[in-house]
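Report on the structure
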Amino acid sequence: MAASPSPRSGSVTPERESPETPWHLAGNFAPVPDELTSYDLPVDGAIPPQLRGLYLRNGPNPKDGRSPHWFFGNGMVHGVRLEHGRAAWYRNRYVRTRLFETGADRLEGANMLDKTLSAANTHVIGHAGRIFALEEGAFPYELGRELETLGCEDYDGRLKTAFTAHPKLCPKTGELHFFGYGFVEPYLVYHVLDPAGRLVHSTPVPVRGPTMMHDFMITEEHALFMDLPVVFDLERALRGEPPLHWDESYGARLGVVPRRGEGADVRWFELDPCYVFHPMNAYVEDGRVVCDVGRHAYMWRTSMNDFAPSYLWRWTVDLASGRVSEEQLDDRPHGFPRVDDRVQGRKHRYGYAVAPRPGSEEGTDGAGVVVKYDLESGAQRLHDFGPEARPDEFVFAAADERAGADEGWLLGYVYDRARDGSDLVILDAARPDAKPVATVRLPQRVPHGFHGSWIADLPA
């Protein structure tokens with residue numbers, strides 16, 4: 001149940017596959033064929049009236065039903081509108097990118113250098129009153145309030161690199177910090193959008209070579225870049241082969257750049273070789289940068305299905321002495337770690353993730369739980385959905401802007417294998433192990449996907 005599942009398919013739904021079906025197209029990984037709109041959804045429990053906005057989640061849904069890997073496939077956003085204690089509607093829509101219109105689900109060869117071609121299948125966020133579907137190899141695609149595709153965004157031609165799938169919104173300034181990486185120099189460029197959504201800062205950050213940098217972190221003072229040993233081979237890509245592989249000789253390090261600083265200002269701190277798809281959060285305390293991350297011991301050593309599980313680790317960097325300590329915080333494998341967005345870059349007490357259900361069969365279709373970490377006390381609380389249910393990423397929605405650190409709800413899609421259907425489940429963030437606050441019954445299953453957002457009260 002880690003963010004990057006093992007290649008074993010586990011149990012699957014027979015009518016959607018043949019014995020030759022790969023795990024990433026079987027069971028609830030299989031794409032859904034229809035775009036639906038459904039109003040006034042049935043609800044068990046009571047939706048808190050404070051929840052007014054959109055819950056959106058992105059993921060791959062190959063239009064032709066075929067894909068060589070889970071990471072590929074045309075982006076499809078599944079959304080539920082909550083308002084006045086109601087689930088007003090559900091919609092699922094393909095992101096109609098240039099790649100989608102060509103009938104393709106991935107880039108090959110020289111097309112990988114064209115930043116207007118995107119699967120747009122990894123994340124969906126809100127910033128400056130707009131919604132964007134993201135994938136890390138291309139420009140963002142803007143969506144409307146009813147999930148219609150509005151077009152590709154290059155910020156008046158100023159954006160020359162890809163736009164990461166994991167930008168970071170500063171809760172204090174309203175700035176959106178992001179980066180782009182690529183096959184050719186400059187391999188890494190750090191960018192900032194101002195609160196109005198204008199591109200106001202771009203600077204190359206020197207790295208050792210073309211490394212896959214899926215995510216990064218911010219503090220109130222820094223942008224933090226993970227230069228880790230999953231690297232690109234452009235010649236392999238041009239031959240149509242998987243371009244990524246593990247190269248332990250590349251090394252591993254954390255780069256610290258001042259907010260809106262220049263790439264030449266980066267300070268590098270060496271780490272033990274590992275890979276991180278998803279950090280939880282980072283902050284500065286007493287002159288030390290503290291990073292809580294989902295650490296994989298390795299990634300893709302032998303093939304694109306060669307995954308090590310992810311565990312919660314803490315890196316502590318003493319900026320004065322240059323010393324780095326690395327500590328494993330938990331022995332439970334996990335995926336999709338998140339915090340309350342209001343503490344992004346600030347000290348957090350709580351974090352949330354999904355994990356395998358204790359005692360469940362391993363594999364991509366195994367049952368799962370939602371975990372709440374108390375990083376201050378070391379305590380954990382689990383919500384167990386049962387032996388037939390698997391949750392995807394859960395996100396935090398605050399009760400209001402002045403709510404306390406634990407005052408709000410956790411929202412996410414949960415697939416029920418017994419009925420081959422999905423729900424939007426709302427948990428009390430303070431007591432996630434309690435009965436769900438509300439369960440919204442969806443008109444079709446939502447295939448397992450990647451990342452999403454709670455976007456509260458978008459302006460009209």
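Each remark here, short or long, concerns the structure printed above.
Everything numeric here is computed off the predicted structure, so don't read it as measured data.

Okay, the environment of lysine 63 next. Within the fold, lysine 63 resides in the loop between strand S3 (53–60) and strand S4 (75–83). Assessed through its relative accessible area of 37%, lysine 63 is described here as partly exposed. Expressed as a C-alpha distance, the spacing of lysine 63 and aspartate 114, which sit 51 residues apart in the sequence, is 21 Å. The contacts of lysine 63, once residues within four sequence positions are left out, are Asn74, Tyr94, Phe100 and Gly103.

Taken as a whole and judged by the stated rule, the model has 22 aromatic pairs. Their ring planes at 80 degrees and their centres at 5.1 Å tell us that tyrosine 275 and phenylalanine 277 sit as a pair that is edge-to-face. On the basis of relative accessibility, which here comes to 0%, the residue tyrosine 275 falls in the buried class. Given the relative accessible area of 3%, phenylalanine 277 is considered buried. Pairing tyrosine 352 with phenylalanine 396 gives two aromatic rings, centres 5.9 Å apart and planes at 15 degrees, and the pair type is stacked. On the criterion of sequence distance, the pair formed by tyrosine 352 in strand S25 (residues 350–356) and phenylalanine 396 in strand S29 (residues 395–398) is long-range, its members being 44 residues apart. As far as burial versus exposure is concerned, tyrosine 352 and phenylalanine 396 are alike and both buried. Members of the aromatic cluster, each reached through a chain of ring pairs, are Trp23, Phe29, Trp70, Phe71, Tyr275, Phe277, Trp300, Phe307 and Phe450. Cation over ring: arginine 295 sits above tryptophan 313, and NZ or CZ is 4.4 Å from the ring centre. Positioned above the aromatic ring of tyrosine 350, the side-chain terminus of lysine 372 is 4.4 Å from the ring centre.

Here we come to unusual backbone geometry. Each neighbour pair has its own omega, and for glutamate 185 with proline 186 the value is -5 degrees, a cis peptide bond. Within the secondary structure, proline 186 is located in the loop between strand S11 (176–181) and strand S12 (188–193). Its identity as a non-glycine residue notwithstanding, alanine 120 has a phi of 50 degrees, on the positive side. On the basis of relative accessibility, which here comes to 0%, the residue alanine 120 falls in the buried class. Phi is positive for tyrosine 155, close to 55 degrees, though the residue is something other than glycine. With respect to the secondary-structure elements, tyrosine 155 resides in the loop between strand S9 (149–152) and strand S10 (168–169).

The rules behind each value
All chains use their own residue numbering, which begins from 1 and follows the written sequence. Reporting in this predicted model follows two pLDDT cut-offs: at least 70 for local features of residues, and 80 or more for side-chain atom pairs to be given and counted; totals over whole chains, interfaces and linings ignore these cut-offs and use all residues. For side-chain calculations, the full set of non-hydrogen atoms in the structure is used, while hydrogens and water are omitted. Only DSSP runs of H or I covering at least 4 residues are called helices, and only runs of E covering at least 2 are called strands; the numbering of each starts at the N terminus. Only protein chains enter the accessibility calculation, which uses a 1.4 Å probe; a residue is then buried when its area is under 20% of its type maximum, exposed when over 50%, and partly exposed in between. Only heavy atoms matter for contacts: two residues are in contact if any of them lie within 4.5 Å across the pair. Within 6.5 Å between ring centres, the rings of Phe, Tyr and Trp (the latter by its six-membered ring) count as paired, and their orientation is classed by plane angle as stacked under 30 degrees, edge-to-face over 60, tilted in between. Note on criteria: charge over ring means Lys NZ or Arg CZ within 6 Å of the ring centre, with the direction from the centre no more than 35 degrees off the ring normal.

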